[in-house]
Amino acid sequence: MRAAVFEGPGNIRIQQVPDPEVELPTDAVVRVVAAGICGSDLWSYRGYGQRVPGARIGHEFLGVVEDVGADVRAVRAGDLVISPFTWSDGTCEYCIDGLQTSCVDGGVFAEPGHDGAQGEALRVPHADGTLVVVPLALQDADPALLLPLCDVLPTGHHAAKVAGVRFGHRVVVVGDGAVGQCAVLAARRLGAESVVMIGHHEERLKLAARFGATDTVLGRGDEAVEQAMTITGGAHAVLECVGAQASLDTAVAVARDGATIGYVGVPHLVEGLDLGLLFGRNIGIAGGLAPARAYIPELLKDVALGNLDASAIFDLTVDLDGVPDGFVAMDSRKAVKVRVDVSSA
């Protein structure tokens, strides 16, 4: 089969790789229908992290089950399934607590020795604890409606949930990428009275307005903070969706005393936070790697009801051969998020 392979910074190639097979009785083999290129994939692409040449890439996928191990009970061949970006056994203490990202036998797709999502098929460990079967009402839905459930939609929801967003809150979202866009949706879904997005791409701010942002701020640094504070007077909750030092500093600056910052941007080049400042202002920090598997069933219900639609985050669609160009488009900020159409359901 063919799959996207990381061959070094700035170098993604489509290559022939071994077909996936059931290796353990809890495995499933899934034929990929659609995949996504994630903002976190770009860090490897830019030379950050530990990914080595020859490794697979990609962790967001929608697909059809082709084969299952002898112990798999929750899915069967022919099922259309959504997968979170991590696999988890569904039975350990962390999984039972809804923190599947800390599963004692879990992992992330495309980590060393495992298949990536940007390919024709992949092996899914712990299929019962990982995969979510798409309901019949959505079997023929546009893949773009379902694909955000793999990562960015649960991640945006995680930011809003851990920040305690509730009815009447004033919320600021820092970061206009795909996760930031989904954080706007999440904040409005949880009842926020106003949502301000801070970003520096006009087209992305327009998309945020479509998703429910009541105000947008174009810019960064002190000027952006001043504008956001003028609008909100200080946010009850701040959703940090970048992971850079500047975005974290902005999040603290736009928070009112007693606010909570929900951080879900993958940290990079972050030197630290002023704990004394946070302590004195009673600002809480919560978040981290989103347990997408815990949130998918709840969010999927709203998708099925027509109440939640993040499909517009995909502003470029490529086929498998177009994955390298998709990375270029996202790296150069010419695309918010790239959808990869691999095969038909």
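Residues numbered from 1 in each chain as written. Predicted model: local features only at pLDDT ≥ 70, side-chain atom pairs only at ≥ 80, totals over all residues. Heavy atoms only, no water.

Caption draft 1: Main features of the overall build of the protein. Assigned secondary structure in the protein consists of twelve helices and 18 strands. Relative to a compact globule of 345 residues, whose C-alpha radius of gyration would be 20 Å, the protein shows 20 Å and is just as compact. Buried residues in the protein amount to 54% of all 345 residues. When contacts within the protein are restricted to residue pairs at least 6 apart in sequence, those whose partners lie at least 24 apart make up 69%. (Helix = DSSP H or I, 4+ residues; strand = E, 2+ residues; numbered from the N terminus. Rg over C-alpha atoms; globule rule 2.2 N^0.38 Å. Buried < 20%, exposed > 50% of the residue type's maximum accessible area, 1.4 Å probe, protein only. Contact = heavy atoms within 4.5 Å.)

Caption draft 2: Focus on the sheet that holds strand 2 (residues 12–16). Ordered by their spatial adjacency, three strands build an open sheet running 2-1-4, and the pairing between neighbours is antiparallel. Of all strands in the sheet, those with a lone pairing partner are strand 2 and strand 4 (55–56), marking the two edges. In terms of strand pairing, strand 1 (residues 2–6) meets strand 2 through five bridges, oriented antiparallel. Across the sheet, residue Ala4 finds its bridge partner in strand 2, namely Ile14. Running over the sheet, helix 12 (residues 323–331) touches strand 1 and strand 2 and is turned about 165° from strand 2. (Pairing = 2+ DSSP bridges. Axes fitted to C-alpha atoms, helices over the stretch in contact; angles between N-to-C directions.)

Caption draft 3: Expanded view of the side chain of Asp41. Along the chain, the position of Asp41 falls in helix 1 (residues 41–45). Despite its burial, Asp41 remains without a salt bridge, the nearest opposite charge being carried by Arg51 at 4.8 Å. (Lys, Arg positive; Asp, Glu negative; His and termini not counted. Salt bridge = Lys/Arg side-chain N within 4 Å of Asp/Glu carboxyl O.)

Caption draft 4: Up close: the pattern of salt bridges. A full pass over the atoms with the stated rule returns 15 salt bridges. Across the salt bridge formed by Arg2 and Asp321, the nearest N and O atoms sit 2.6 Å from each other. With Arg2 in strand 1 and Asp321 in the loop between strand 17 (314–319) and helix 12, the pair connects residues that are 319 residues apart, well separated along the chain. Note that Asp302 is salt-bridged to Arg189, the shortest N-O span being 2.8 Å. Residue Asp302 is located in helix 11 (residues 292–304), and its partner Arg189 is located in helix 6 (residues 178–189); the two are separated by 113 residues in the primary sequence. Judged by its relative accessible area of 18%, Asp302 falls in the buried class.

Caption draft 5: Main features of the nonpolar core. Ranked by size, the top nonpolar core spans 53 residues in total, and within it Ile82, Leu146, Val165, Val171, Val173 and Leu239 carry the most contacts. Membership of the second largest hydrophobic core comes to 32 residues, among which are Leu42, Val72, Leu320 and Ala335. (Core = buried A, V, L, I, M, F, W, Y, C linked by side-chain atoms within 4.5 Å.)

Caption draft 6: Representation of helix 11. Here helix 11 is 13 residues long and its end C-alpha atoms lie 17 Å apart, about the 18 Å a rise of 1.5 Å per residue gives. All buried positions along helix 11 are accounted for by Ala292, Arg293, Tyr295, Ile296, Leu299, Leu300, Asp302 and Val303. Buried residues along helix 11 sit in contact with strand 6 (80–83), helix 3 (127–130), strand 10 (132–133), helix 4 (143–146), helix 5 (152–162) and helix 6. Gly306 lies just past helix 11 and shows a positive phi near 80°. (Expected span 1.5 Å × (residues − 1).)

Caption draft 7: The sheet that holds strand 12 (residues 194–199), seen in detail. Ordered in space as 13-12-11-14-15-16, the six strands form an open sheet in which the pairing is parallel. The open sheet has two edge strands, strand 13 (215–218) and strand 16 (284–287), and neither has a second partner. Along the sheet, successive strands turn relative to each other by an average axial angle of 20°, direction set aside. Taken together, the four bridges between strand 11 (residues 170–174) and strand 14 (residues 235–240) define a ladder with parallel strand orientation. By the bridge assignment for strand 14, Val171 is matched with Ala237. Strand contacts of helix 7 (residues 202–211): strand 12 and strand 13, with the helix running at about 170° to strand 13, the strand carrying the most contacts.

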